[in-house]
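Notes for the structure review
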Amino acid sequence: MNQNVTNKPRYITGFDGLRAIAVIGVIIFHLWPKVLPGGWMGVPLFFVLSGYLITDLLIQEYDRNGHIDVLSFYRRRMKRLYPALLMMLFATATYIALFARDLLYNLRAILVSNMLYIYNIWATKHGDSYFDSWGGSSPFTHLWSLSIEGQFYLIWPIIVMLLLGLRIRRISIGAALIGLAGISAILLGVLYDPMNINRAYYGSDTRIFAVLFGAALAFGWPSRRMKYILSPRVKRNLNTLGAIALALTIITFFGLNGEWRTTYMGLMFVATAIITSLIAITAHPASFLSHALDNKFLNYLGTRSYSIYLYQLPVFVFFDKLVPQHDTFLMGILKIIIVLILSELSYRYVENVFRRVKKPALGSGTSWYKTFFGSHSVQAMLVVAVMLIAGTGYAVSANESAQAKPKNTLEKRLDSNKSRINEANKRAVAQAKKAQKESNSKQSSAKSSSQKVNPNSLTQQERDLMGKYGLNADQFTAIRDNRVTAVGDSVMVDVAPDLQELMPNTVANATVGRQPYSVPEILQSYDSQNLLSQNIVISIGTNGLIGDNDFNKVMDIVGKDRQVYWINGYASRDWVTQNNNFLSTQAKTHKNLHIVDWASLAKDHPEWLGDDHVHPNTNGSVQYASLIAKTMAEQSQKK
């Protein structure tokens, strides 16, 4: 018996199982990101699968016919993907127009860019971060990946036909594609910006490496050349590699955080290479994965994975807006059930209907459109489609649909605070330089906390500040003239004006999205300018983990003579709790490290937080600054 598969395309068992794993990962990540922080890697799994399958089919077509029918390829892809996408877009737009009009902003651009498969490009500048759910999610955010695949489908058959026509060794083509994948991964690292992750995460050039991995695999590991029967030793080695690849992929899903800097500096590339090896082993008909992943449950999810992917985020977003207690486990299960129902309807009455449209045989006397529109399923679908098109027309007729979303209260306050911080910094720096000229001492000019204070000597303005921030006379005079260097992320942008009002000699360096690893460089810059104060206030850790190395750098720069006041964080992110525990541990071994326990205070006073439950509101900002001042005063009184 000939062990090689014939030129006929082979149905690859196990691939529907991989699709199921991918979509399960994405859904769990969207519902319970703490449970599966790397579930977003389901998208690269889809990418590699698409790259492999499409390239493998194109190569087989070229080998059979000597050319690739590009137009026929486009028709097949459009029938397979476009109707379901349009139905989801129109259904979502209609729902927004009727029940969620706060999501109307940018709707025209979102719909058009998705229909043209350029949504990911639009999202690099205008879209929400894929990992940001604090400010409210968009029901379209996940569609960026479909645009990258659409762009790939547009150009790839032409490129494959040209490459094969040049008679280049196919293994060499595969190697070149891996090289291009490496360049794409390098761009991912170069363009990564923690303050604007969208350019790196959504970019076609930065994410195409996953698709290229799949395409390279197709040139070096074609499905039709695989033997069904292998020697025991070879099969054992194949299965061992498959088990390792599956285990590493699972570890990736559970462990790879999409907001880590290291993820963009190489970990995503390595994880995608592991996924590619998993796909390679599964593609082999003799592997145990080819059979283990071929079961009714996984095949059911896999065949419907496209529709499941389309509808999951709209359901989650709309459900959360409707149901107050939406984050319980039971509510999560209910969301999944709704997604499965919608995806089943989409699969049966949209995907399958268009997929099965074929030209009638010659001489049959029946036109294709009569056959198509004569189906009751098609007629029912058309009625729904007309209604949704009308609803979409109503949605895009709203003025808001052509406008960018206006900034919310927090965003406006942060923008306003930036200019206020800059002006206060100029005054504080000028005062610091003046003090340096007048004295060789590095100590601040703060009044001694042991000095007896006559409350009657305070001005009315100072009394008003004491009342506003809840300080007594001893606390106020202990911190009023302190020189302070404050470094932080958006929380510090929110709070710094209050801190500078209370302690005018405060120089604040804060920006939205700042990561902990940037703090040492900032402090070193101030130290080199002789502007690093005796009191260091740090509010960092909301956006990522505080690394041991970064923390040690901070403490080395600060030295033992300066006092560090590190505010712990309050946010529903797993690393925030890790950071808080880490800081508490470090405070036991660093005598000049003082933890400002905002987390405990915020937990007891949710009314001090904004809508995102992370940033303090106007009153919360006052309380935040007050807590810092009281901690400083307490430390001053211990001296």
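So, here's what we can say about the structure. Model, not experiment: these values are computed from the prediction.

1. Some words on the layout of surface pockets
Taken as a whole, the second largest pocket encloses approximately 1,300 Å³ of empty space. Along the wall of the second largest pocket there are 39 residues; nearest its centre are Arg19, Leu53, Leu57, Arg77 and Arg80. Those elements that place two or more of their residues in the lining of the second largest pocket are helix 1 (15–31), helix 2 (42–65), helix 3 (70–99), helix 6 (144–165), helix 13 (296–303), helix 14 (305–322) and helix 15 (329–355). In terms of residue count, the dominant contributor to the lining of the second largest pocket is helix 2 (12 residues).

2. Things to note about the pairing of strand 3 (residues 535–539)
Of all 5 residues in strand 3, 5 are buried; the element is thus mostly enclosed. By the alternation rule, side chains of strand 3 split into Asn535, Val537 and Ser539 and Ile536 and Ile538, which are all buried. Strand direction decides the pairing type here: strand 1 (residues 484–488) and strand 3, joined by 5 bridges, are parallel. Across the sheet, Thr485 pairs through a bridge with Ile536, a residue of strand 3. Where strand 3 meets strand 4 (residues 563–567), 4 bridges bridge the pair, whose relative direction is parallel. Its bridge partner lying in strand 4, Val537 is registered against Tyr565. Tracing the backbone out of strand 3, into helix 23 (residues 548–558) and back to the parallel element strand 4 gives a crossover that is right-handed.

3. Observations regarding the pattern of salt bridges
Within the structure shown, the criterion is met by 18 salt bridges. Here Arg348 makes a salt bridge to Glu344, at a shortest N to O gap of 2.5 Å. Of the two residues, Arg348 and Glu344 are both situated in helix 15; the distance of 4 residues between them amounts to about one turn of the helix. For Glu344, a relative accessible area of 13% puts it in the buried group. For the salt bridge of Arg413 with Asp494, the shortest nitrogen-to-oxygen distance reads 2.8 Å. Separated by 81 residues along the polypeptide, Arg413 in helix 18 (residues 409–438) and Asp494 in helix 21 (residues 490–502) bring together distant segments of the chain. Across the pair, exposure class does not vary: Arg413 and Asp494 are buried alike. The structure contains a network of salt bridges with shared partners spanning Asp63, Arg170 and Arg224.

4. Looking at the nonpolar core
By size, the foremost hydrophobic cluster in this structure holds 118 residues, and its most contacted members are Phe15, Tyr52, Phe140, Trp156, Ile279 and Leu310. By residue number, the principal contributor to this core is helix 3, which donates 14 residues. Formed by 39 residues, the second largest nonpolar core is a distinct cluster that contains Tyr469, Val484, Leu502 and Ile567.

5. Some details on empty space enclosed by the protein
Here the structure, examined in full by the defined rule, presents 3 cavities of 30 Å³ or more. Taken as a whole, the largest cavity encloses approximately 130 Å³ of empty space. Looking at the lining of the largest cavity, the element that brings in the most residues is helix 24 (residues 574–587), giving 4 residues. Its residues assigned to classes, the lining of the largest cavity shows 10 nonpolar, 7 polar and 1 charged.

6. Here's the deal with the packing of aromatic side chains
Summed over the entire model, instances satisfying the criterion amount to 23 aromatic pairs. On the basis of an interplanar angle of 55° and a centroid distance of 5.9 Å, the ring pair of Phe152 and Tyr153 is categorised as tilted. Tyr153 shares its class with Phe152; the two are buried. Consider the rings of Phe551 and Phe582, whose centres lie 5.3 Å apart with planes at 85°: the pair is edge-to-face. Placement of the pair is Phe551 in helix 23 and Phe582 in helix 24, with a sequence separation of 31 residues.

7. Points about unusual backbone geometry
Although it is not a glycine, Tyr117 sits at a positive phi angle of roughly 60°. Locating Tyr117 in the fold gives a position in the loop between helix 4 (107–115) and helix 5 (119–126). In the Ramachandran plot, Arg167 falls in the positive-phi region, its phi being about 60° despite a non-glycine side chain. Looking at the element boundaries, Arg167 is found in the loop between helix 6 and helix 7 (170–191).

8. A short note on the pairing of strand 2 (residues 506–510)
Relative to strand 2, strand 1 runs parallel, the two sharing 5 bridges. Paired with Val484 across the strands is Thr506, a residue of strand 2. Remark: the strand 1/helix 21/strand 2 crossover connection has right-handed handedness.

Parameters and conventions
- Residues numbered from 1 in each chain as written.
- Predicted model: local features only at pLDDT ≥ 70, side-chain atom pairs only at ≥ 80, totals over all residues.
- Heavy atoms only, no water.
- 1 Å grid on protein atoms, 1.4 Å probe; cavity = no way out; pocket = protein on both sides within 12 Å on 5 of 7 lines; lining within 4 Å.
- Points joined across faces, edges and corners; volume = space filled by probe spheres on them.
- Helix = DSSP H or I, 4+ residues; strand = E, 2+ residues; numbered from the N terminus.
- Buried < 20%, exposed > 50% of the residue type's maximum accessible area, 1.4 Å probe, protein only.
- Pairing = 2+ DSSP bridges.
- Right-handed = clockwise from strand over helix to strand, strands pointing away.
- Salt bridge = Lys/Arg side-chain N within 4 Å of Asp/Glu carboxyl O.
- Core = buried A, V, L, I, M, F, W, Y, C linked by side-chain atoms within 4.5 Å.
- Nonpolar A, V, L, I, M, F, W, Y, C, P; charged D, E, K, R; others polar.
- Phe/Tyr/Trp six-rings, centres within 6.5 Å; stacked < 30°, edge-to-face > 60°.

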